[in-house]
Amino acid sequence: MNVVLKTQALTKTFHSGNEMFHAVKGVNLQVKSGEFVAIMGPSGSGKSTLLHMLCGLEKATYGSVTIRNVDLSQCDDEELTTLRRDRIGFIFQFFNLIPILTAYENVTLPLLMANHEESRIRERATLLLTQMGLGNHLHKRPHELSGGQQQRVAIARALLPQPLILMADEPTGSLDTKTGMEVLQLLRNVCTDQQHSLVLVTHDPRVASFANRVLFMKDGEIVGEMVDTAQLQDDDFQLPFSTAIQQKWEVLMS
Ligand SMILES: Nc1ncnc2c1ncn2[C@@H]1O[C@H](COP(=O)(O)OP(=O)(O)OP(=O)(O)O)[C@@H](O)[C@H]1O
Ligand SMILES: [Mg+2]
């Protein structure tokens with residue numbers, strides 16, 4: 001089994017005054033190469049805190065995160081910055097594109113600034129944007145693109161360094177349902193066809209239904225798991241898996 005990401009007893013406790021708040025409590029998870037894992041939980045259940053620890057943006061209070069063979073707690077700030085730039089691809093709810101740059105510049109800039117080989121970056125960026133259906137939009141600025149197109153630019157940017165793992169926090173949260181589903185299908189294809197791994201957090205069962213495996217999070221803990229054994233691929237929001245997730249969710253959250 002080719003494990004890309006592993007956590008052990010991952011815990012985050014926030015202190016404010018004399019109060020302690022346990023946002024993430026002893027999470028153990030593994031993500032394999034090519035696997036799309038959704039972490040689903042209600043608002044405040046600790047999803048973003050967990051994701052931020054997985055990518056080294058937030059330090060764990062206790063426990064460990066290992067990406068391939070790198071233990072994040074053993075990395076200094078510079079090593080974490082390099083790891084995040086080259087090995088982890090982020091996809092955010094609000095795309096986080098730079099407004100004055102074109103789609104192509106948004107995708108290439110982070111690696112060009114890091115002095116990666118320029119001709120390879122330019123070639124690969126054009127290829128990725130074309131694969132995302134943006135071949136005719138390379139030189140448009142974000143405000144000239146639709147929400148779905150902007151998110152595809154952000155996905156191309158995340159994929160450019162050929163990261164070990166992609167992480168997404170509500171990536172379709174600011175898109176309409178149909179566009180969101182298209183973006184999710186694209187992400188699913190990226191995992192299936194190119195063996196990328198993806199950890200996505202959401203509170204929406206329809207979004208989670210695009211994953212191979214769904215982990216349910218409640219009050220900082222993983223309280224259940226579902227695997228999409230049927231690998232359903234229908235267009236109707238993968239309704240059977242989505243319905244099964246919804247039903248399990250209602251039981252777990254009650
Ligand atoms: N820096 C912080 N200091 C104190 N408490 C925090 C901090 N960051 C998050 N929390 C608390 O930890 C809990 C989990 O927050 P988190 O943002 O991880 O939730 P979430 O599941 O991502 O929610 P949402 O779906 O609304 O984005 C919340 O109760 C939040 O108030
Ligand atoms: Mg969140």
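Coordinates for the structure precede this section.
Residues numbered from 1 in each chain as written. Chains lettered and ligands numbered in written order. Predicted model: local features only at pLDDT ≥ 70, side-chain atom pairs only at ≥ 80, totals over all residues. Heavy atoms only, no water.

Q: Can you explain the pairing of strand S4 (residues 62-67)? Please cite residues and give values.
A: Where strand S1 (residues 3-16) lies against S4, five bridges are found, and the strand directions are antiparallel. Within S4, the residue paired with Thr11 across the bridge is Tyr62. Two strands pair when backbone bridges link them, and S4 and strand S5 (residues 70-71) are joined in this way by two bridges, in the antiparallel orientation. Within S5, the position partnered with Thr66 by the bridge is Asp71. Connecting the antiparallel pair S4 and S5 is a turn made up of two residues, with Arg68 showing a positive phi of about 50°. (Pairing = 2+ DSSP bridges. Helix = DSSP H or I, 4+ residues; strand = E, 2+ residues; numbered from the N terminus.)

Q: Before we move on, could you go through the site of ligand 1 and cite the residues and values that matter?
A: Taken together, Phe14, Phe21, Ala23, Pro42, Ser43, Gly44, Ser45, Gly46, Lys47, Ser48 and Thr49 make up all the residues around ligand 1. At 3.2 Å from an oxygen atom of ligand 1 is found a main-chain nitrogen or oxygen belonging to Ser45. Against a free-state accessible area of 650 Å², the protein chains account for coverage of 57% of ligand 1. Those elements giving two or more residues to the shell around ligand 1 turn out to be strand S2 (19-32) and helix H1 (47-54). Ranked by residue count, the leading element in the shell around ligand 1 is H1, at three residues. When the residues that make up the shell around ligand 1 are grouped by side-chain class, the tally is four nonpolar, six polar and one charged. (Near = heavy atom within 4 Å. Polar contact = N/O pair within 3.5 Å; in protein donor to acceptor, adjacent residues only side chain to side chain. Areas by Shrake-Rupley, 256 points an atom, 1.4 Å probe, with all protein chains shown as cover. Nonpolar A, V, L, I, M, F, W, Y, C, P; charged D, E, K, R; others polar.)

Q: How would you explain the sheet that holds strand S9 (residues 213-218) if you had to name every residue and give the values?
A: Read across the sheet, six strands follow the order S6-S7-S8-S3-S9-S10 without closing on themselves; strand pairing throughout is mixed. If you trace the sheet from one side to the other, it starts and ends with strand S6 (88-91) and strand S10 (221-227), each paired once. For this sheet, the mean inter-axis angle between neighbouring strands, taken without regard to orientation, is 20°. Here S6 pairs with strand S7 (residues 165-169) via four bridges, running parallel. Bridge assignment links Gly89 to a residue of S7, and that residue is Leu166. Running at roughly 170° to S6, helix H5 (residues 147-159) makes contact with S6 and S7 of the sheet. (Axes fitted to C-alpha atoms, helices over the stretch in contact; angles between N-to-C directions. Contact = heavy atoms within 4.5 Å.)

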